[in-house]
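Now for the letters of each chain:
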2 protein chains.
Amino acid sequence: MPAVDGRPYSPGLEGVLAGETSIALVDGQNGRLLYRGYPIVELVRNSTYAQVAELLWTGEWPSEAHLPTAPLSGAVLTALRALPNESSPMDALRTAVSAWGASARLSWPPTPDQARDVTALAPSALAAFARLRQGLEPVDPDPDLELAAGFLYQLTGETPDEASARALDAYFIVGAEHGFNASTFTARVITSTRSDLASAVAGAIGALKGPLHGGAPSEVVSQLHEIGSVEHAERWMRDAIARGERLMGFGHRVYRAYDPRAAALREVAEGMAGMADWLKMAVAVEDIALRLFEELKPDRVIKTNVEYYAAAVLQGVGLPPDLFPSTFALARHAGWTAHCMEQAGANRLIRPDVRYVGPPERPLPGVAAAV
Amino acid sequence: MPAVDGRPYSPGLEGVLAGETSIALVDGQNGRLLYRGYPIVELVRNSTYAQVAELLWTGEWPSEAHLPTAPLSGAVLTALRALPNESSPMDALRTAVSAWGASARLSWPPTPDQARDVTALAPSALAAFARLRQGLEPVDPDPDLELAAGFLYQLTGETPDEASARALDAYFIVGAEHGFNASTFTARVITSTRSDLASAVAGAIGALKGPLHGGAPSEVVSQLHEIGSVEHAERWMRDAIARGERLMGFGHRVYRAYDPRAAALREVAEGMAGMADWLKMAVAVEDIALRLFEELKPDRVIKTNVEYYAAAVLQGVGLPPDLFPSTFALARHAGWTAHCMEQAGANRLIRPDVRYVGPPERPLPGVAAAV
């Protein structure tokens, strides 16, 4: 790493260890993702998002857990009603969390109860906005449904089928946490000033909104629509690769091996009776894509990333593509809030140095120099 | 700096250069603060906040500039009306900026026009909330007033006197920018994902809310109230120092010499006919405090910091102490938004590494090991 005046210099902070965490291990080299030591594929096979969230918050594995969506306060609902229909769902979610924090007057330090509250509120808020912008009234939470199923219920007004609820819960599990990404780091910087949990989560939502972080899973959907069918897939992808285009849903900055989140979601999708034909096409297209990469790019490791199956699941359960990034944000609430608590527990203000490259000291134009 | 696996390890990122900036130089060793090369004391003497904001945004010194407060959209005003009266003013401001962003649908990259819009909106939003919580109706902006004067007008419904307008404008200038502090860094991390300006500013407000960053200028006011008069000041402070207590408004993490922002504000206060007696007392008490530090702590450099005169000015212009942190946030909008533009102009996703110290890979309790 280069140094300036004896200080490590790293715009982007790549390669700088900005702290310690016990929450997750992202092991890109070996394609491993552990939450509190437990492999992601095991968690998807054997647990629910409610259990995973408790695990992330407390560090303890709960043999059972229940996390329904929460009702919206008047302040949150009024703020959502006032937004234009064309508002970005991420902006609506950020505003809802901010209004919630303004009403909740959160104490320091952040607690698991606060984390539960905001994680349970967010799906209700997003679902309410999604209905309001269509001219529909919000649907109250069903306290018997778990978070992912409850979100679908509040979106549609209908209790989701078992397969959709299970698929979205699995998606929520793989999206719950991923180390020091930009949004989680944002939440920790905000918490490091001893600010409250709502400020941290609102900041994190804002960071996840950026396409360099939140990604573009809806582009995977567009791509699969363009491909149209399994029979056309090989020709379409060969042409795209020949034109030097990037196939959406493949390749990852960190994972050099197969993205374990994609593997876990594929397993859920394959094991599921009654899932959309659309998802079957996604599985078949993936096999063809990986074969083509091996043939055409033998010197590079290009594997399926989580966005590919995220798109497949979110489309499969019937979400409109413009809700994909905000639904990702719902899932990530568990991880963000776990990081806020971890940061608060061993706190140190996060404040890097900066290299000044601007003009040297100079007098104001037209002003006589000071005496 | 310690290293782990060959990577620099710095929780808090102290001593790590996280990027480059041309906006401000914070030179604590020599007590210098430059905006685009111009010393803060020169700017306070010879310019207005409107000019300083343009300078920060564009890098060019404008011979004149006009920045009135902006009217609130329906979405912002409705969101503010829905908040409980007991909400923190920082939470209200954060929610207003978030609702504004949801309505404005901001394009990438952030622009000076966007920066002007949010900087002009924020004082109107804070003033509206401050009135609503007292059961008063918001006051529309007066387009002839500059930002600081316009804020006071929208708070009180009365055009402020010249001295108050000038003092608060000076406060806005010294608060406009201060390098890579935690809130500015938050804004840059959020911008680095290619997220929008409102997301970045909402996150920055959340970070500034924390007492480790936004500080506690209202405690300076309480302290001066306890001291009561210049005659009692020496005895009171000697006793406090003897008890090992910290005097509020003195000492700074960065500035080893006199904080140039405090010097600039003191100069404004001293030159001002018609300022509150209260401010005169602050000047006299400061002199006594500095003499006592030299006598009682000769081996340490303890100088007046910006909070001391910030409190004096904010109290002097009649702001209630619970609006001090959010008024600081209004001033810092110029700096935050300048940093968003600078970050966007040479962007690189900000994403540090983290040291994993959690449990090693382990099977889920009660689940048979995977085959």
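What counts and how
- Residues numbered from 1 in each chain as written.
- Chains lettered and ligands numbered in written order.
- Predicted model: local features only at pLDDT ≥ 70, side-chain atom pairs only at ≥ 80, totals over all residues.
- Heavy atoms only, no water.
- Helix = DSSP H or I, 4+ residues; strand = E, 2+ residues; numbered from the N terminus.
- Rg over C-alpha atoms; globule rule 2.2 N^0.38 Å.
- Buried < 20%, exposed > 50% of the residue type's maximum accessible area, 1.4 Å probe, protein only.
- Least-squares fit on C-alpha atoms with pLDDT ≥ 70 in both.
- Contact = heavy atoms within 4.5 Å.
- Domains from an automatic or database assignment.
- Buried area = accessible area lost by both parts, 1.4 Å probe.
- Salt bridge = Lys/Arg side-chain N within 4 Å of Asp/Glu carboxyl O.
- Pairing = 2+ DSSP bridges.
- 1 Å grid on protein atoms, 1.4 Å probe; cavity = no way out; pocket = protein on both sides within 12 Å on 5 of 7 lines; lining within 4 Å.
- Points joined across faces, edges and corners; volume = space filled by probe spheres on them.
- Nonpolar A, V, L, I, M, F, W, Y, C, P; charged D, E, K, R; others polar.
- Phe/Tyr/Trp six-rings, centres within 6.5 Å; stacked < 30°, edge-to-face > 60°.
- Lys NZ or Arg CZ within 6 Å of the ring centre and 35° of its normal.
- Polar contact = N/O pair within 3.5 Å; in protein donor to acceptor, adjacent residues only side chain to side chain.
- Core = buried A, V, L, I, M, F, W, Y, C linked by side-chain atoms within 4.5 Å.

*Asks:* Could you give an account of the overall build of chain A, with specific residues and numbers?
*Replies:* Helices and strands together make up the secondary structure of chain A, namely 16 helices and seven strands. Taking 21 Å as the expected radius of gyration for a compact globule of 371 residues, we find that chain A reaches 22 Å, a close match to that expectation. C-alpha atoms of chain A, sized along the principal axes, occupy 80 × 55 × 45 Å. Counting every position in chain A, which comprises 371 residues, the buried fraction comes to 61%.

*Asks:* Could you give an account of the relation of the copies chain A and chain B, with specific residues and numbers?
*Replies:* Least-squares fitting of chain A to chain B yields an RMSD of 0.0 Å, with the transformation described by 0.0 Å of translation along the axis and a rotation of 180°. Taken together, the rotation and translation relating the two chain copies correspond to the operation of a two-fold axis. A share of 100% of the interface residues of chain A reappears at the interface of chain B, consistent with the copies meeting face to face through the same patch.

*Asks:* So what about the domain arrangement of chain A? Which residues, and what values?
*Replies:* Residues and elements named next belong to chain A. Here the domain parsing of chain A yields domain 1 (32–59 + 67–213 + 323–345) and domain 2 (216–316). If you average the C-alpha positions of domain 1 and of domain 2, the two centres end up 26 Å apart. Interface area for domain 1 against domain 2, summed over the two sides, is near 1600 Å², with a carbon-plus-sulfur share of 78%. For the interface between domain 1 and domain 2, the tally reads one salt bridge.

*Asks:* Let's hear about the sheet that holds strand β5 (residues 32–35) of chain A: which residues, and what values?
*Replies:* Residues and elements named next belong to chain A. In space, the three strands of this open sheet follow the order β4-β5-β6, with antiparallel pairing throughout. For this open sheet the edge positions go to β4 (24–27) and β6 (38–39), each flanked by a neighbour on one side alone. Where β5 lies against β6, two bridges are found, and the strand directions are antiparallel. If you follow Tyr-35 over to β6, its bridge partner there is Tyr-38.

*Asks:* Outline the layout of surface pockets, listing residues and values.
*Replies:* A probe as big as a water molecule, rolled over the atoms, marks out the empty space that is left. When its volume is computed, the largest pocket comes out at roughly 1000 Å³. For the largest pocket, the lining is made up of 41 residues, of which B:Arg246, B:Gly251, B:His252, B:Arg253 and B:Asn305 are closest to its centre. Breaking the lining of the largest pocket down by element, the ones donating at least two residues are α7 (162–175), α10 (211–214), α11 (217–227), α15 (306–316) and α16 (324–345) of chain B. With four residues, the single largest contributor to the lining of the largest pocket is α10(B). Of the residues belonging to the lining of the largest pocket, the class tally is 19 nonpolar, eleven polar and eleven charged. Taken together, domain 1 (32–59 + 67–213 + 323–345) and domain 2 (216–316) of chain B each give at least three residues to the lining of the largest pocket, which thus spans both. The computed volume of the second largest pocket comes to approximately 740 Å³. Lining the second largest pocket we find 30 residues, and of these A:Leu212, A:His213, A:Gly215, A:His252 and A:Glu307 sit closest to its centre. Put simply, the parts of the chain that give the lining of the second largest pocket at least two residues each are α7 (162–175), α10 (211–214), α11 (217–227), α15 (306–316) and α16 (324–345) of chain A. Per-element accounting of the lining of the second largest pocket gives the leading share, four residues, to α10(A).

*Asks:* Quick one: what's the story with the pairing of strand β5 (residues 32–35) of chain B, residue by residue and with numbers?
*Replies:* All names here are of chain B. Where strand β4 (residues 24–27) and β5 come together, four bridges link them in antiparallel fashion. What sits directly across from Asp-27, in β5, is Arg-32. Connecting β4 to the next strand, β5, in antiparallel fashion are four residues, including Gly-31 with a positive phi near 60°. Between β5 and strand β6 (residues 38–39), which pair antiparallel in sequence order, lie two residues; one of them, Arg-36, sits at a positive phi of approximately 50°.

*Asks:* Account for the packing of aromatic side chains, naming residues and giving values.
*Replies:* Residues and elements named next belong to chain A. Counted by the stated rule, this structure contains 15 aromatic pairs over all chains. Seen in terms of ring centroids, Tyr-171 and Phe-172 are 6.3 Å apart; in terms of plane orientation they differ by 70°. Their pairing is edge-to-face. For Arg-355, the ring lying beneath its charged end belongs to Tyr-9, and the centroid distance is 5.5 Å.

*Asks:* Before we move on, can you summarise the sheet that holds β6(B) with the specific residues and values?
*Replies:* Read from one edge to the other, the open sheet built from three strands follows the order β4-β5-β6 (chain B), with strand pairing classed as antiparallel. What marks the edges here is a single partner per strand, and that holds for β4 and β6 of chain B.

*Asks:* Could you give me a rundown of the side chain of B:Ser195, with the residues and numbers involved?
*Replies:* Counting through the fold element by element, B:Ser195 comes out in the loop between α8 (182–192) and α9 (197–208). There is a polar contact of 2.5 Å between the side chain of B:Ser195 and the backbone oxygen of A:Gly206.

*Asks:* Can you break down the nonpolar core residue by residue, with the values?
*Replies:* Counting residues in each nonpolar core, the largest one holds 243 residues, and the members touching the most others are A:Tyr35, A:Leu80, A:Met237, B:Tyr35 and B:Leu80. Counting 16 residues, the second-largest nonpolar core is a separate cluster that includes A:Leu13, A:Val16, A:Ala18 and B:Phe180.

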